[in-house]
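# A structural walkthrough
The lines below spell out each chain.
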Amino acid sequence: MIRFLFAFTTWLVVALPLATLSGLMASLSTGAVLLLSAALAVPYAGLMWYALQRPLPRVRQVLMQGISVGYACAVGLLLSWPLSLTPLAAHRGGIAVALAAIVLGLGLYLALSPRVRTLRFQSDKVGASRRLVQLTDVHLGSLGANTLSRAMARAIAQQPDAIVITGDLVDGGEIGAAQLGALAVEHPPVYMVIGNHERYVKLDALLHDIREQQVTVLRNASETLGDLQLLGVDDSDAAHYLVDALPRVPFDPERFSVLLYHKPDDWDAAQRVGVDLMLSGHTHAGQVWPFSVLVRRRHPHWRGLYSTGQHHLYVAPGTGCWGPIFRIGSRAEITVIDIDPA
């Protein structure tokens with residue numbers, strides 16, 4: 001049943017839009033389009049299934065990118081549909097192809113060109129201005145190691161006191177020290193918590209390689225950085241894990257506290273403890289519309305800044321992507337957090 005659903009989804013998302021656009025260009029009948037899409041879907045789904053079960057990162061990346069091509073084709077078809085009722089109907093196929101190319105180019109740009117966003121907070125707990133840079137959801141594996149290199153270079157250029165990584169640094173068991181080398185260049189201290197994708201691989205071996213790059217991994221632990229305090233809690237599938245884990249993490253209410261927690265859940269628990277700022281990721285801000293609708297239903301705090309009094313939560317849209325290298329309705333981001341004296 002799972003394989004059937006996987007193949008059906010592949011047909012619906014990738015093969016059918018491609019075949020429909022090809023059929024429109026070649027003036028094929030509906031029946032021919034359906035046959036063409038079925039012929040495309042069977043080998044594509046089989047190869048994708050095979051690649052997902054084995055360490056074939058390059059093959060997986062190429063096949064995943066087919067999802068973004070299918071999405072772009074579908075949007076091009078939908079946007080060009082009104083032309084079928086006009087004298088431009090004969091040119092609809094070419095216009096649909098042009099629109100699909102624009103959508104695909106836009107999606108690649110939004111995914112591969114992170115913007116730098118700056119947030120500012122004030123607190124009487126700090127005696128001088130402090131700066132953090134947040135990276136999250138880099139997804140090495142879905143994206144190449146050069147993505148981390150570029151992100152680290154831009155993060156270092158912001159001259160922060162520390163760089164914090166809020167999970168999902170990697171995406172795939174084939175990631176090792178060679179792909180993590182950008183973390184070892186000369187830079188401010190780097191702190192990290194694990195996300196769900198770190199838990200899907202051999203976690204102990206991965207964390208060994210990460211720590212070899214001089215990264216401090218906070219696993220239900222805290223670290224002081226002058227008048228800042230960083231708290232890190234592991235990601236978990238357990239319901240309301242933060243509620244139970246956070247009170248056991250050493251906490252100093254006199255310092256400005258920054259909680260690193262991958263999922264933007266249980267912010268109320270962080271507020272009860274007295275956390276000043278919680279930094280999360282995970283949601284990718286939906287990554288591709290209309291999937292953002294589903295993400296918003298699962299995570300009420302799904303993107304951006306939320307504040308209650310002196311307590312804040314920021315949910316970053318992610319520095320990378322999962323699956324296809326593609327974003328529509330969201331943009332990759334590197335987040336600068338400035339904390340100034342009140």
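To keep things clear, this report deals only with the structure shown in the data block.

So, how was this worked out
- Residue positions are given per chain, counting from 1 as you read along its sequence in written order.
- Note on the predicted model: pLDDT of at least 70 is required for a residue's local features to be given, and 80 or more for side-chain atom pairs to be given and counted; whole-chain, interface and lining totals, by contrast, use all residues.
- Water and hydrogen atoms were dropped before computing side-chain values, which therefore reflect all heavy atoms in the structure.
- Counting from the N terminus, the helices are the DSSP runs of H or I reaching at least four residues and the strands are the DSSP runs of E reaching at least two.
- This radius of gyration counts C-alpha atoms alone. The globule rule is 2.2 Å times how many residues there are, raised to the power 0.38.
- Here the term buried applies to any residue with accessible area under 20% of the maximum for its type, exposed to any over 50%, and partly exposed to those in between, with areas from a 1.4 Å probe on protein chains only.
- As used throughout, the charge tally considers Lys and Arg to be positive and Asp and Glu to be negative, leaving His and the chain termini uncounted.
- Every charge is mapped to an atom, namely NZ of Lys, CZ of Arg, CG of Asp or CD of Glu.
- A pocket, in this scheme, is an open set of points on a 1 Å grid over the protein atoms alone with protein on both sides within 12 Å along at least 5 of 7 lines, while a cavity is a set where a 1.4 Å probe fits but cannot get out; residues line either one if an atom lies within 4 Å of a point.
- Grid points are joined across faces, edges and corners, and a volume is the space filled by probe spheres set on the points.
- Note on residue categories: nonpolar means Ala, Val, Leu, Ile, Met, Phe, Trp, Tyr, Cys or Pro, charged means Asp, Glu, Lys or Arg, and polar means any other residue, Gly included.
- Two strands pair under a simple rule: DSSP has to find at least two bridges between them.
- Here the term right-handed applies to a crossover when the path leading from its first strand over the helix to its second strand runs clockwise, the strands being oriented away from the viewer.
- Interaxial angle, 0 to 180 degrees, is taken between N-to-C directions of lines fitted to C-alpha atoms, where a helix line uses only the stretch in contact.
- What counts as a salt bridge is simple: a side-chain nitrogen of Lys or Arg found within 4 Å of a carboxyl oxygen of Asp or Glu.

### Structural notes on the overall build of the chain
Looking only at helices and strands, the chain has 10 helices and 12 strands in total. Against the globule reference of 20 Å for 342 residues, the chain gives a C-alpha radius of gyration of 22 Å, in line with a compact fold. Looking at the chain as a whole, 50% of its 342 residues are labelled buried. Charged side chains of the chain number 27 positive and 26 negative; the gap between the two group centres comes to 10 Å.

### Quick look at the layout of surface pockets
In this structure, the largest pocket encloses a volume near 1100 Å³. Secondary structure elements with two or more residues in the lining of the largest pocket: α1 (2-26), α2 (30-53), α3 (57-80), α6 (196-199) and α10 (291-298). In terms of residue class, the lining of the largest pocket is made up of 24 nonpolar, 12 polar and 1 charged.

### Describing the pairing of strand β2 (residues 130-135)
Most of β2 is tucked away: 5 of the 6 residues are buried. By the bridge criterion, 5 bridges tie β2 to strand β12 (residues 333-341) in an arrangement that is antiparallel. Paired with Arg-131 across the bridge in β12 is Asp-338. Of the pairings in the sheet, the one linking β2 to strand β3 (residues 162-166) comprises 4 bridges and is parallel in character. Pairing of Leu-135 across the sheet is with Ile-165, part of β3. Since β2 and β3 lie parallel, the crossover through helix α5 (residues 145-157) that links them has a hand, and here it is right-handed.

### So, the sheet that holds strand β6 (residues 221-225)
Taken in spatial order, the 6 strands line up as β6-β7-β8-β9-β11-β10 in an open sheet, and their pairing is mixed. Whereas interior strands pair on both sides, the edge strands pair on one side only; in this sheet they are β6 and β10 (304-308). Neighbouring strand axes in the sheet, compared pairwise and without regard to direction, differ in orientation by 20° on average.

### A word on the pattern of salt bridges
Should their charged atoms come close, side chains of opposite charge can pair. Summed over the entire model, instances satisfying the criterion amount to 14 salt bridges. A salt bridge links Lys-125 to Asp-276; its shortest N-O distance comes to 3.1 Å. In this pair, Lys-125 is assigned in the loop between β1 (115-123) and β2 and Asp-276 in the loop between α9 (267-273) and β9 (277-280), connecting sequence segments 151 residues apart. Each of the salt bridges in this network shares a partner with another, and the network as a whole consists of Arg-120, Arg-131, Asp-338 and Asp-340.

### Considering the pairing of strand β8 (residues 256-260)
Most of β8 is tucked away, with 5 of its 5 residues classed as buried. Side-chain alternation along β8 places Phe-256, Val-258 and Leu-260 on one buried face and Ser-257 and Leu-259 on a second face that is also buried. Bridge analysis of strand β7 (residues 228-232) against β8 gives 5 bridges, and the strand direction is parallel. Counterpart to Leu-230 in the pairing with β8 is Val-258. Summarising the sheet, β8 and β9 pair through 3 bridges and their orientation is parallel. Paired with Leu-259 across the bridge in β9 is Met-278.

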